[in-house]
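A closer look at the structure
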Amino acid sequence: MKNFTDLRKISKVFHQYGITLTGKKKYASFEKDLNMDKVFVNGLIFECELELRKELEEEKIHQIKAPAQVIELLVG
């Protein structure tokens, strides 16, 4: 059940940024497909970390290219 709660929190943050996590959008590139600047991507990741009270390693954050990767690292 905790994973479901975490997914809802993450979904809420993505929704605030105008990103739906259904279909192909969750695999879309932040920079190429969603036209997001790196600053906004880092902000989104930071807000997700705050919601879940978790912190990702700096190296992993720089490797994130799509919403599905954020979910995998924070929930998986």
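Heads up: the structure comes first, above all this text.
Residues numbered from 1 in each chain as written. Predicted model: local features only at pLDDT ≥ 70, side-chain atom pairs only at ≥ 80, totals over all residues. Heavy atoms only, no water.

Description of the overall build of the protein chain
Operational definition: Put simply, DSSP marks the helices as runs of H or I at least four residues long and the strands as runs of E at least two long, and each gets a number from the N terminus on. To get the radius of gyration, use the C-alpha atoms; to get the globule rule, take the number of residues to the power 0.38 and multiply by 2.2 Å. The rule is simple: take the accessible area with a 1.4 Å probe, protein chains only, and divide by the maximum for that residue type; under 20% is buried, over 50% is exposed, in between is partly exposed. What makes two residues a contact is simply this: any of their non-hydrogen atoms within 4.5 Å. For every accessible area listed, the method is Shrake-Rupley and the probe measures 1.4 Å; residues are considered covered only by the protein chains on display. Charge assignment in this entry is limited to Lys and Arg as positive and Asp and Glu as negative, and neither His nor the chain termini are counted. Charge positions come from single atoms, namely NZ of Lys, CZ of Arg, CG of Asp or CD of Glu.
For the protein chain, the count of helices and strands is four helices and zero strands. The helix and strand sequence of the protein chain, counted from the amino end, reads α-α-α-α. Taken over C-alpha atoms, the radius of gyration comes to 11 Å for the protein chain, in line with the 11 Å a tight globule of 76 residues would show. With respect to the principal axes defined by its C-alpha atoms, the protein chain has extents near 35 × 30 × 20 Å. In the protein chain, which comprises 76 residues, the proportion classed as buried is 34%. Sequence-distant contacts, at least 24 apart, represent 59% of the contacts inside the protein chain between residues at least 6 apart. Of the accessible surface of the protein chain, which amounts to about 5,400 Å², a share of 53% is contributed by carbon and sulfur atoms. Separation of charge centres in the protein chain, based on 13 positive and 12 negative side chains, amounts to 8 Å.

Side note on helix α1 (residues 2-16)
What counts, and what does not: Given a helix with a known number of residues, its expected span is that number minus one, times 1.5 Å. Along the arc lie the directions from the helix axis toward the C-beta atoms.
With 15 residues, α1 should cover 21 Å at 1.5 Å per step; its first-to-last C-alpha distance of 22 Å lies within 8% of that length. Along α1, the residues that are buried comprise D6, I10, V13 and F14. When α1 is viewed along its axis, its buried side chains cluster within an angular range of 100° and face the same direction. Opposite the buried face of α1, by more than 90 degrees, sit the exposed residues R8, H15 and Q16. At its buried positions, α1 is contacted by α2 (38-52) and α4 (67-75). Immediately beyond the C-terminal end of α1, within one or two residues, lies G18, with a positive phi of roughly 80°.

What about the nonpolar core?
For clarity, the threshold we go by: Note on terminology: a nonpolar core comprises buried Ala, Val, Leu, Ile, Met, Phe, Trp, Tyr and Cys residues joined through side-chain atoms within 4.5 Å.
I10, F14, I19, F30, L44, C48 and V70 are the most contacted members of the largest nonpolar core, which has 21 residues in total. Only α1, α2 and α4 provide two or more residues apiece to this core. The element best represented in this core is α2, accounting for five residues. In this view, F30 contacts F14, I19, N35, M36, V41, L44, I64, K65, A66, P67 and V70; residues no more than four positions away in its chain are not counted.

A few points about the pattern of salt bridges
Where side chains of opposite charge bring their charged atoms close, a pairing between them can arise. Where we set the bar: Between Lys or Arg on one side and Asp or Glu on the other, a salt bridge is scored when a side-chain nitrogen of the former is within 4 Å of a carboxyl oxygen of the latter.
All told, the structure shown has one salt bridge when counted by the stated rule. For the salt bridge of E51 with K12, the shortest nitrogen-to-oxygen distance reads 3.8 Å. With E51 in helix α2 and K12 in helix α1, this residue pair connects regions lying 39 residues apart in the sequence. By relative accessible area, which is 44% here, K12 ends up partly exposed.

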